[in-house]
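Residues per chain are reported as follows:
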Amino acid sequence: MWFKNLQIYRLPVNWGLTADTLQEKLSARPFQPCGSQDMASRGWSSPTKDDRFVLAVGGHFLVALAVEQKLLPSSVVNEVAADKAEAIEAQQGFKPGRKQMKEIKEAVLQELLPRAFTRRRKVFTWIDPVGGWLVIDAASPARAEEILDALRDSLDALPVKMVKTQQSPVSVMTAWLAANEATGNFTIDLDCELRAVTDEKAAVRYVRHALDGQDIQDHLAAGKLPTRLAMTFDDRVSFILTEKMEVKRVAFLDVIKEEAEKQADAADMQMEADFALMSGELSRLIPALIEVLGGEQPDGVI
């Protein structure tokens, strides 16, 4: 349940969404496994492995979208279709045309789909209607958009917009590296990627390497800009900030998880304790990160 990636979106502050309303809306679109002729299926699943579609703790909501996909590579379809096309050619005396090949592939797809393996994944989303945040544990905006589409289908309205800051992450990360120091409650860690803006796109990556050496300053002076930078917030949460305002490789440090274990009265309360601690930390981290990036920049609803 502990988020590994943060795709951050803005909701109206004090958005009037209640846990009961969210539960009602999501339960109307539950996850159903793929049918015999379905390539993919998605629907809402319980984040707590019980009958709840919403985990509500302290006004914060955790929801989970389950996605199942059939694993049927196009190369397999093409190979079986080619064998069938050869057999048909032998029967009719000439190669199948484009239209006939399309029909053969469609027939092969329908034949193979029921036997295809499936892969299922669950994507978690944290919603803070009071603070005005919607955060998806997804590695890319494309994966996050899948969740936003599902929420739009389930809710009457989803007034969400992407978070944009007054200063770009690249410019702020450059200033931090040049000064060998971050601002606010942030500290620079040991991973970084510097990329040239020239056509060559030369890149230098540092992994578990001190970033306060002269070599970093030389790369900055040569025009390379940071596109990824490892950081820690308040000695409690480490992460990598990217040039696209994505937060990746989030790691909640041991002190936080120890606090969650102490707060859980029983094993069945561990999920609630984990979510309470995680949402509390993210409620501090995200505004602090936006503040050191110059504050929010108004933008239209997406």
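Refer to the structure presented above.
First things first, this report covers the structure right here in the doc. (Residues numbered from 1 in each chain as written. Predicted model: local features only at pLDDT ≥ 70, side-chain atom pairs only at ≥ 80, totals over all residues. Heavy atoms only, no water.)

Scanning the chain for helices and strands turns up eight helices and 12 strands. For 302 residues, the compact-globule estimate of 2.2 N^0.38 gives 19 Å, and the chain exceeds it by more than 25% at 24 Å. For the chain, the spread of C-alpha atoms along the three principal axes comes to 75 × 55 × 40 Å. Within the chain, the fraction of its 302 residues that count as buried is 44%. (Helix = DSSP H or I, 4+ residues; strand = E, 2+ residues; numbered from the N terminus. Rg over C-alpha atoms; globule rule 2.2 N^0.38 Å. Buried < 20%, exposed > 50% of the residue type's maximum accessible area, 1.4 Å probe, protein only.)

Where strand β4 (residues 60–71) and strand β5 (residues 117–128) come together, 11 bridges link them in antiparallel fashion. Paired with Val 67 across the bridge in β5 is Arg 121. Pairing between β5 and strand β6 (residues 133–136): four bridges, direction antiparallel. Counted as the bridge partner of Trp 126 is Val 135 from β6. Taking the residues that link successive antiparallel strands as the turn, the β5-β6 hairpin has four residues, and the phi of Gly 132 there is positive, at about 85 degrees. (Pairing = 2+ DSSP bridges.)

Once that is clear, we can look at the side chain of Thr 232. Mapped onto the fold, Thr 232 is located in strand β10 (residues 224–233). A polar atom in the side chain of Thr 232 sits 2.7 Å from the side chain of Asp 189. Setting aside anything within four residues of it in sequence, one finds Thr 232 in contact with Asn 185, Phe 186, Thr 187, Asp 189, Val 237, Ser 238 and Leu 253. (Polar contact = N/O pair within 3.5 Å; in protein donor to acceptor, adjacent residues only side chain to side chain. Contact = heavy atoms within 4.5 Å.)

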